[in-house]
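Residues per chain, in single letters:
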Amino acid sequence: MATKKFMYLNRKASYGTVYAIESLEVVLIAAAFEQDVSLAFIDDGVYQIVEGQNTDGIGMKNFSKTFHALGDYDINKLYVSAESLEERGLTADDLMPLVYEDEDDDWEEKPSVKVVSNAELSKIMSDQDVCLSF
Amino acid sequence: MKFSIQINEGPYQHQASDTAYQFAKAAIAAGHEIFRVFFYHDGVNNASRFTVPPQDDRNVVNQWAELGIKNAEGEPELVVCVAAALRRGMLDESEASKNGVEGNNIHPAFRISGLGQLIEAGIQSDRLVVFGD
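Rules behind the numbers
- Residues numbered from 1 in each chain as written.
- Chains lettered and ligands numbered in written order.
- Predicted model: local features only at pLDDT ≥ 70, side-chain atom pairs only at ≥ 80, totals over all residues.
- Pairing = 2+ DSSP bridges.
- Helix = DSSP H or I, 4+ residues; strand = E, 2+ residues; numbered from the N terminus.
- Axes fitted to C-alpha atoms, helices over the stretch in contact; angles between N-to-C directions.
- Contact = placed C-beta atoms within 7 Å.
- Nonpolar A, V, L, I, M, F, W, Y, C, P; charged D, E, K, R; others polar.
- Expected span 1.5 Å × (residues − 1).
- Buried ≥ 20, exposed ≤ 12 C-beta atoms within 10 Å, placed from the backbone.
- Arc of directions from axis to C-beta.
- Right-handed = clockwise from strand over helix to strand, strands pointing away.
- Parallel < 35°, antiparallel > 145°, perpendicular 65-115°, else oblique.
- Left-handed = near helix turned anticlockwise from the far one by under 90°.

### With respect to the sheet that holds strand 3 (residues 78–81) of chain B
One key point about sheets: their strands pair by backbone hydrogen bonds, in either a parallel or an antiparallel sense.
Residue and element names in this part refer to chain B.
Link 1 in the chain: With respect to topology, 5 strands assemble into an open sheet ordered 4-3-2-1-5, the strand pairing being parallel. Looking along the sheet, the strands with just one partner apiece sit at the ends: strand 4 (111–113) and strand 5 (127–131). Sheet twist, expressed as the mean angle between neighbouring strand axes with direction ignored, is 25°.
Link 2 in the chain: Here strand 1 (residues 2–7) runs beside strand 2 (residues 33–39); their pairing, made up of 6 bridges, is parallel. Across the sheet, residue F3 finds its bridge partner in strand 2, namely I34.
Link 3 in the chain: Lying on the sheet, helix 1 (residues 16–29) is in contact with strand 1, strand 2 and strand 5; it crosses strand 1 at an angle near 170°.

Below, the structure is given as structure tokens:
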């Protein structure tokens, strides 16, 4: 089967609507198809990977831990909009330390998250074959 | 050109399904192929055969059914995500019996399947067009 570049564009916060969790479900299925997968977090989507989420008070499943599994599925290109972080008073330090093991570099643990400007992100997006927005 | 479509919103609440339908109809009329329409999130509600709009309004579900998007084997290519459908009370006969639920509501022009069908549509099609918020 042909390999295409798939980007999953996450634009919504985790719990107010269903888009975030159902996007993650697609990403996990996509991993089985051996495509080139990347994720982008823009607008309120940046909240999806903020460290220290706690859903005890709202009776909903805290699915943020699932993002830690992405590295094991060879999904290690997570782009975060610098502008979206800044607009929300967040910095890269507020995000979960998501990592993957680089098989081409003696399985060294490397960060999966990369904060990029919107201009860089738009370049990365225009390089994709399929862009699914959630 | 070979198109696939993803619909992320339910009927009537949101224009996404209507716009996608107009897009699909226009694409077919212009000689393009619709490989698959994939219904996700609340978009799964577009497949309910119990949809009964007032007589002076369009029937969003039947509109899709009348487009008759099928593959070479004659199976519908209006595909409803199984996980999204089950958690919203959308079941076909097989899922109903598997889950011990009486009755089923998926229109026969649609079929339930997995998210892999969305990824496959992205791989097989020249363009995957997403409709929703």
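Read on, since the account is not over.
### Describing the interface of chain A and chain B
Link 1 in the chain: Taken residue by residue, the interface counts 15 residues in chain A and 13 residues in chain B.
Link 2 in the chain: Counting residues per element, the ones that place at least two in the side of chain A that touches chain B are helix 1 (19–30) and strand 7 (130–133) of chain A.
Link 3 in the chain: The element that contributes the greatest number of residues to the side of chain A that touches chain B is helix 1 of chain A, accounting for 6 residues.
Link 4 in the chain: Residues of the side of chain A that touches chain B, tallied by class, amount to 11 nonpolar, 1 polar and 3 charged.

### What about the environment of H32 of chain B?
Link 1 in the chain: Mapped onto the elements of the fold, H32 of chain B is located in the loop between helix 1 and strand 2.
Link 2 in the chain: Contacts of H32 of chain B, omitting those with residues within four sequence positions, involve M1, F3 and A27 of chain B.

### Here we look at helix 1 of chain B
Residue and element names in this part refer to chain B.
Link 1 in the chain: Compared with the 20 Å implied by 1.5 Å per residue over 14 residues, the 20 Å span of helix 1 between its first and last C-alpha is a close match.
Link 2 in the chain: When helix 1 is considered as a whole, its buried residues turn out to be A16, S17, A20, Y21 and A24. Looking straight down helix 1, one finds its buried side chains confined to an arc of 130°; they lie on one side. Looking at helix 1, the residues exposed on the side facing more than 90 degrees away from the buried face are Q22, A26 and A29.
Link 3 in the chain: On its buried face, helix 1 sits against strand 1, strand 2, helix 2 (60–67) and strand 5.
Link 4 in the chain: Among the residues trailing helix 1, G31 stands out with phi positive, at a value near 90°.

### Some thoughts on the environment of A85 of chain B
Residue and element names in this part refer to chain B.
Link 1 in the chain: Mapped onto the elements, A85 comes out in helix 3 (residues 82–86).
Link 2 in the chain: We classify A85 as buried; it has 25 C-beta atoms within 10 Å.
Link 3 in the chain: When the C-alpha positions of A85 and E73 are compared, they lie 24 Å apart, and in sequence the two are 12 residues distant.

### Quick word on unusual backbone geometry
Link 1 in the chain: One non-glycine residue, E34 of chain A, lies in the positive phi region at around 50°.
Link 2 in the chain: Checked against the element boundaries, E34 of chain A lands in the loop between helix 1 and strand 2 (36–41).
Link 3 in the chain: For E34 of chain A, a count of 10 C-beta atoms within 10 Å gives the class exposed.
Link 4 in the chain: Phi is positive for Y12 of chain B, close to 70°, though the residue is something other than glycine.
Link 5 in the chain: Among the structural elements, Y12 of chain B can be located in the loop between strand 1 and helix 1.
Link 6 in the chain: A residue is classified by how many C-beta atoms lie within 10 Å of it, and Y12 of chain B, with 15 of them, is partly exposed.

### A short note on the pairing of strand 2 of chain B
Each regular strand displays side chains that alternate between the two surfaces of the sheet.
Residue and element names in this part refer to chain B.
Link 1 in the chain: Most of strand 2 is tucked away, with 6 of its 7 residues classed as buried.
Link 2 in the chain: In this region the chain leaves strand 1, passes through helix 1 and returns to the parallel neighbour strand 2; the handedness of that crossover is right-handed.
Link 3 in the chain: Here strand 2 pairs with strand 3 via 3 bridges, running parallel. Paired with F38 across the two strands is V79, which belongs to strand 3.
Link 4 in the chain: One crossover worth recording links strand 2 to the parallel strand 3 by way of helix 2, and it is right-handed.

### Quick notes on the packing of helix 1 of chain B against helix 2 of chain B
Residue and element names in this part refer to chain B.
Link 1 in the chain: Their axes nearest at 11 Å, the elements helix 1 and helix 2 cross at an angle of 20°. Considering the angle they form, helix 1 stands roughly parallel to helix 2. Considering how the two elements wind past one another, helix 1 and helix 2 form a crossing that is left-handed. Packed against helix 1, whose contacting residues are S17, D18, Y21, A24 and K25, the element helix 2 presents V60, Q63, W64 and L67 at the interface.
Link 2 in the chain: When its residues are assigned to classes, the contact of helix 1 with helix 2 shows 5 nonpolar, 2 polar and 2 charged.

So far we have only geometry, and geometry alone does not tell us how the molecule works.
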